[in-house]
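These are the residues of each chain, in order.
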Amino acid sequence: MNYRTIAGSIAILLVFLASWEWGPAAMGMPEYVLPSLSNVWHEFFIMWQHSELLKHTLITAAEVLLGFGIGAFLGLAIGVALGLSPTAEAMLSPYILALQIAPKVAFAPLFVMWLGYTIYPKILVAVLIVFFPVMINVLSAVRAVDPDMVNLIRIMNASRWQIFRLVEFPSAMPALFSGLRIASTLAVIGVTVGELVGGNLGLGYLLVDSEGQGNTAGVFVAIVGLTVIGIVAYAAVVFAEKRVLHYMPKANLATA
Amino acid sequence: MTSTSPVYVVNESASGESTVAAGPDSSNHSKRVEIEFRGVSKAFAQKGQKDAPAVVKDLTFSIRKGEVVSLIGPSGCGKSTLLNMGSGLYSATTGTVMVAGQEVKGPVKRVAFMLQKDLLMPWRTIQKNVEVGMEIARVPKAERQAVAQEMLHKCHLAGFEKHYPFQLSGGMRQRAALARTLAMKPDVLFLDEPFSALDAQTKMVLQQDLANTLYNEQKTALFITHDLAEAVALSDRILVMSSRPGTIIEEITVDLPHRNNPLERRKLAGTGPLIGRLMELLHVGDEDAMH
Ligand SMILES: Nc1ncnc2c1ncn2[C@@H]1O[C@H](COP(=O)(O)OP(=O)(O)O)[C@@H](O)[C@H]1O
Ligand SMILES: [Mg+2]
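Residues numbered from 1 in each chain as written. Chains lettered and ligands numbered in written order. Predicted model: local features only at pLDDT ≥ 70, side-chain atom pairs only at ≥ 80, totals over all residues. Heavy atoms only, no water.

A. Quick look at the pattern of salt bridges. Here the structure, examined in full by the defined rule, presents 23 salt bridges over all chains. Notably, a salt bridge pairs Arg277 of chain B with Glu250 of chain B, separated by 3.3 Å at the nearest N-O pair. Note that Arg277 of chain B is positioned in helix H8 (residues 271-281) and Glu250 of chain B in strand S11 (residues 248-254), a separation of 27 residues in sequence. Using a relative accessible area of 15% as the deciding quantity, one classes Arg277 of chain B as buried. Judged by relative accessible area, Glu250 of chain B falls into the buried class, the value being 6%. Through salt bridges with shared partners, a single ionic network connects Asp146 and Asp148 of chain A together with Lys117 of chain B. (Salt bridge = Lys/Arg side-chain N within 4 Å of Asp/Glu carboxyl O. Helix = DSSP H or I, 4+ residues; strand = E, 2+ residues; numbered from the N terminus. Buried < 20%, exposed > 50% of the residue type's maximum accessible area, 1.4 Å probe, protein only.)

B. Broad picture of the nonpolar core. The biggest cluster of nonpolar side chains holds 85 residues, and the ones touching the most others in it are Ile153 of chain A together with Phe37, Leu59, Phe190 and Leu222 of chain B. Looking at which element gives the most residues to this core, the answer is helix H8 (residues 160-197) of chain A, with 14 residues. Sequence-distant contacts of Leu222 of chain B, defined by excluding residues within four places in its chain, comprise Ile35, Ile63, Val69, Leu71, Leu82, Leu83, Leu189, Phe190 and Leu191 of chain B. Core analysis: the second largest hydrophobic core is formed by 31 residues, Val147, Cys155, Leu168 and Leu191 of chain B among them. (Core = buried A, V, L, I, M, F, W, Y, C linked by side-chain atoms within 4.5 Å. Contact = heavy atoms within 4.5 Å.)

C. Helix H4 (residues 86-101) of chain A, seen in detail. Over its 16 residues, H4 of chain A extends 21 Å from the first C-alpha to the last, a length consistent with the 22 Å expected when each residue adds 1.5 Å. Within H4 of chain A, the axis deviates most sharply at Leu92 of chain A, by approximately 55°, and proline Pro94 of chain A lies no more than four positions further along. (Expected span 1.5 Å × (residues − 1). Bend = angle between axes of the 7 residues up to and from the residue.)

D. Region of interest: the domain arrangement of chain A. Split by domain assignment, chain A resolves into domain 1 (1-30) and domain 2 (42-252). Spacing between the C-alpha centres of domain 1 of chain A and domain 2 of chain A amounts to 31 Å. (Domains from an automatic or database assignment.)

E. Quick look at the interface of chain A and chain B. Each partner contributes to the interface: chain A provides 21 residues, whereas chain B provides 26 residues. Among the residues chain A hides against chain B, the three largest losses belong to Ile155, Met156 and Tyr247 of chain A. Together they make up 32% of the total. Applying the counting rule to chain A against chain B returns 2 salt bridges. Across the pair Asp148 of chain A and Lys117 of chain B runs a salt bridge, and its minimum N-O distance is 2.9 Å. On inspection of chain A and its partner chain B, the count reaches 3 residue pairs in polar contact (both at pLDDT 80 or more). At the level of elements, helix H7 (147-155) and H8 of chain A are the ones that each hand at least two residues to the side of chain A that touches chain B. Residues of the side of chain A that touches chain B, tallied by class, amount to 12 nonpolar, 5 polar and 4 charged. (Buried area = accessible area lost by both parts, 1.4 Å probe. Polar contact = N/O pair within 3.5 Å; in protein donor to acceptor, adjacent residues only side chain to side chain. Nonpolar A, V, L, I, M, F, W, Y, C, P; charged D, E, K, R; others polar.)

F. Focus on the environment of Tyr164 of chain B. Relative to the helices and strands, Tyr164 of chain B is located in the loop between helix H3 (141-154) and helix H4 (170-183). A C-alpha to C-alpha distance of 41 Å links Tyr164 of chain B and Thr96 of chain B, two positions 68 residues apart in sequence. Excluding anything up to four places from it in sequence, Tyr164 of chain B contacts His246 and Tyr247 of chain A together with Pro122, Trp123, Arg124, Thr125 and Ile126 of chain B.

Have a look at this one:
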């Protein structure tokens, strides 16, 4: 990004914030439909003091972190396993496809019924929704390894494990990270839906709670909080990706 | 024999295993056979297919220690297939392949191979790429590093140890691939068009380095190329293959000096007629060979 595009982006942000502040009043929109920016800002402090906003934010963040971590790990492990075993993949592929098509968030009420009004159903939804993009990406990357590179080290008498460690696993890294990018945003969606469905924890709970009280500004505070968590998660993945994939020509890394 | 007139020896049928003619290095006479194909054929059977057509058939030839032999033939005739059987990646459908005195049933020790693609691992530095074979063989780290640095120096890549492959030009990457091949300290090299993606100048410099090393260290090499001048410049003998199903139709001894110096050999009067003979054998320029 050069200075011009940065300046442009900042200008757009300022226009957006300004129209949020003065737009609703100018169009004669009531506060309960679209509260102005300063009212949302004001509500933020009220919720901070009286609704334990920080606690709920941290709970949501922890759920996202755990759901993302567990889902990504399982996706990586099972993606590698199925990538290395075409037979198992062929056997499982119809079910994988069905599960992939199924809207994962629809499982949220079920998980709440099973696990109660705790943080666990939320984590579980996140695990489920994170799992697929990671697994599919890793699986196809392991499958797409250059056979000549495998042959090269086979001729060097590499063992099965060495082939995996030296070629198959490292070649799957770029695909793993593009899966993780998608997964980081999906994790927030999974956790939010879980919180909306039941319980009294997290920003999703504050969101439904504010809605129940007709507190539109409170709904906005929750939405902004969830977005911030999503941005932090995505940025963390991009940061890790830049560290791990430092050997790639810059142009090959997606913009971030 | 003299090297001033265009001398070449042609065995009309290259079926006998002991018809190897001596190269310019006559000490080869006494050297043991390092690579040997005996009645080898290969067919790739699809699932449920009983008798697939042979890709290559009746391959019989032997290469002595220290010899460099080129393999030429129309594309798709099975040159790479032959090479992959030598290096143990494919098994022969019929016949026996012997390398370094043992029957090839899988990857053999002290054999290295190099392709047109450099196959450098993008996530490893150049030095780490050169070390990979030694890492697999569990060579101690200090020794690994010393050998890798020596090879990189030899291949004119000193100073690029810490670079990543994407930071190097195509020619430098292929040098690194050569360094990795030599770092295995192989006795036998299988080279599948290793220089064919390089520009003419880079190619000649790399040929020079390779020829020098092969000669000085008395390594045995089977070298696939579609560049006829390269075949003449680098080898003791040239095997010519027919189109599919590929078999060896001619064996030509390159009776020219300077096998360690392809740049000099290219200038010799004997080079031209040999290339002409190869063109004839491959029907280069014939009506039916032009599409
Ligand atoms: N693993 C394989 N499975 C099926 N067919 C193959 C395989 N490898 C090579 N072939 C076939 O064998 C023929 C010869 O290929 P190759 O040895 O690569 O030729 P060349 O190197 O002389 O150009 C080609 O027709 C190719 O399709
Ligand atoms: Mg080939």
